[in-house]
Amino acid sequence: MFTRRFTWELEENAYTQAMAARRKSGLPVFDLTIANPSQAGFVWSCEELSQSLVNSENSFYAPEPRGLLEARKHIAQYYHGHSADVLPEQIHLTASTSEAYSWVLKLLTDPGDEVLVPVPSYPLLEFLAALECVETRSYSLRLKDACWRVDAQALEAAVSPRTRAILCVSPNNPTGSILSAEDRDILRRVALRHGLVLIVDEVFLDYEKNSDDFSATPLSSLAGEDKVPLLALGGLSKLALLPQMKLAWIVTAGLESWREAALKRLDFIADTYLSVNTVSQNALGIWFGQSPILRHIVQQRLYANEKLLRAWCCGNPHGVRLLEREAGWSAVLELPRGITEEKFVLYLAKHAGVFIHPGYFYDMPVAMPPVCVISLISREQELSQALPLIDEALKHH
Ligand SMILES: Cc1ncc(COP(=O)(O)O)c(C=O)c1O
């Protein structure tokens, strides 16, 4: 009776159950997995947000598949700030980056086709693909000089006759790695050689480690690509700390002939759903203008938490190691060999109320020591209270 495009167990897994039980018990909880900025204390003031939504244009509905031109102009301007020439005509608004993924997969694939996904990376990619009846094949990123890099051989080896696209996440979640010039060359070469499209998720583009310095050059986006067919995805969830406003986008880039053909087809897909609300589109300019202040506060927390973790690792008797981060919101920590990630995170959740993500959740390489991932947007006090509890748990493993 139901679709077979996904067959996952829909019951809560042992970890989710342990977290729910701990919350229900009323005992202290230290949630270091938090990814939702609005639940981590980064909220727009109610007054500011309400003000931003007041616009006489909100009374009118223009069913425009790409989204309202004014909103797309603000996004094009955002890309100019990231060294990418993007025209408003190249942009389609969507309700979320996840929806953007579903549209670009509809654009590029047929059931049974394949897309290449980086590992380790954002776990939702597999689900987003499955919901479009698309298979994922992974290409492993390689840890080189403390940075995660694209491995040309692994990428080539993953291509099959059914491959249609290469997905990249830059800055990557959770490794925090940014595609280097060499990585970008490899991706372009492989895409051109096999006639593939690059899909680049840049939702963390504004969180480079040094970008708290307002004079620093913002990271360059891949959306300015003019040769290889490329679809760049971005959105407000991280950029403006507004996941609740449900606004994201797709930039179609590459050779003009390809771009035109892709844009027309995306128009058709977008026109079928028309999922973006008018109020958010009309407020976009204000949100772009004001979000740097909030991002600055986020960056301060990222630095403070990372500093705390570094100091903790330095004096840590168990040899926990903090991996380098180029950008993003996550800290990746290597745990002592011999620890079983699943047992360890379950123990922590049940006995100490500390919630962290195990490395396998992101497909960390099996050859690596066990790994855990901690969200750097966690509240500083929660993190500092949780670290001695993690130390205590390490003694038992
Ligand atoms: C790498 C990455 N892409 C996309 C998303 C989803 O973004 P949105 O809220 O716009 O769907 C997330 C959310 O955490 C993410 O980490």
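Residues numbered from 1 in each chain as written. Predicted model: local features only at pLDDT ≥ 70, side-chain atom pairs only at ≥ 80, totals over all residues. Heavy atoms only, no water.

Attention shifts here to the overall build of the chain. What the chain contains, in helices and strands, is 12 helices and 14 strands. Relative to the compact-globule value of 21 Å for 397 residues, the chain shows a C-alpha radius of gyration of 21 Å, a close match. The principal-axis extents of the C-alpha atoms in the chain amount to approximately 60 × 55 × 55 Å. The buried share of the chain, reckoned over its 397 residues, is 54%. Taking the contacts inside the chain whose residues are at least 6 apart along the sequence as the reference set, 75% of them involve residues at least 24 apart. As displayed, the chain has an accessible area near 18300 Å², and 54% of this comes from carbon and sulfur atoms. Looking at the chain, you have 37 positive and 47 negative side-chain charges, and the mean spots of the two groups are 3 Å apart. (Helix = DSSP H or I, 4+ residues; strand = E, 2+ residues; numbered from the N terminus. Rg over C-alpha atoms; globule rule 2.2 N^0.38 Å. Buried < 20%, exposed > 50% of the residue type's maximum accessible area, 1.4 Å probe, protein only. Contact = heavy atoms within 4.5 Å. Areas by Shrake-Rupley, 256 points an atom, 1.4 Å probe, with all protein chains shown as cover. Lys, Arg positive; Asp, Glu negative; His and termini not counted. Charge placed at Lys NZ, Arg CZ, Asp CG, Glu CD.)

Right, let's get into the nonpolar core. Counting residues in each nonpolar core, the largest one holds 103 residues, and the members touching the most others are Y139, I166, W249, L309 and I390. No other element matches helix α10 (residues 278–314), which puts 10 residues into this core. Two domains each donate at least three residues to this core, and these are domain 1 (14–43 + 292–395) and domain 2 (59–290). Leave out the neighbours within four places in its chain, and L309 touches L322, A331, L333, I374, L376, L383 and L387. (Core = buried A, V, L, I, M, F, W, Y, C linked by side-chain atoms within 4.5 Å. Domains from an automatic or database assignment.)

Taking 1.5 Å of rise per residue, 14 residues should cover 20 Å, and helix α7 (residues 181–194) covers 20 Å from first to last C-alpha, within 8% of that figure. For α7, the elements touching its buried residues are β4 (135–144), β5 (147–150), α6 (152–158), β6 (163–169) and β7 (197–201). One or two residues past the end of α7 sits G195, with phi positive at roughly 65 degrees. (Expected span 1.5 Å × (residues − 1).)

This paragraph deals with the domain arrangement of the chain. Parsing the chain into structural domains produces domain 1 (14–43 + 292–395) and domain 2 (59–290). Summarising the inter-unit geometry, the C-alpha centres of domain 1 and domain 2 are found 27 Å apart. Facing the 33 residues of domain 1 at the interface are 33 residues of domain 2. Of the roughly 2800 Å² buried where domain 1 meets domain 2, counting both sides, 61% is carbon and sulfur surface. When the buried surface of domain 1 facing domain 2 is broken down by residue, R295, E326 and W329 rank first, second and third, together holding 24% of it. Put simply, domain 1 and domain 2 have two salt bridges between them. Between E326 and R149 there is a salt bridge, and its shortest N-O distance comes to 3.3 Å. In this structure, the connection of domain 1 to domain 2 is made through 11 residue pairs in polar contact (both at pLDDT 80 or more). Those elements that provide at least two residues to the side of domain 1 that touches domain 2 are α10 and β11 (330–334). Broken down by element, the residue count for the side of domain 1 that touches domain 2 peaks at 12 residues, all from α10. (Buried area = accessible area lost by both parts, 1.4 Å probe. Salt bridge = Lys/Arg side-chain N within 4 Å of Asp/Glu carboxyl O. Polar contact = N/O pair within 3.5 Å; in protein donor to acceptor, adjacent residues only side chain to side chain.)

Along strand β8 (residues 230–235), six of the six residues are buried, which leaves the element largely enclosed by surrounding structure. Side chains of β8 alternate between two faces, with L230, A232 and G234 and L231, L233 and G235 buried alike. Alignment of β7 against β8, held across four bridges, turns out to be parallel. Paired with L198 across the strands is L230, a residue of β8. Here β8 pairs with strand β9 (residues 248–253) via six bridges, running antiparallel. Looking across to β9, one finds that G235 is bridged to A248. (Pairing = 2+ DSSP bridges.)

All right, on to the packing of helix α4 (residues 97–108) against helix α9 (residues 256–273) then. It is the contact of α4 with α9, at a shortest axis distance of 10 Å, that shows an interaxial angle of 120 degrees. In this view, α4 runs oblique relative to α9, as classed from their interaxial angle. Both α4 and α9 take part in a crossing whose hand is right-handed. Of the residues in α9, those touching α4 at W103, K106, L107 and L108 are W258, A262, R265, L266, I269, A270 and Y273. (Axes fitted to C-alpha atoms, helices over the stretch in contact; angles between N-to-C directions. Parallel < 35°, antiparallel > 145°, perpendicular 65-115°, else oblique. Left-handed = near helix turned anticlockwise from the far one by under 90°.)

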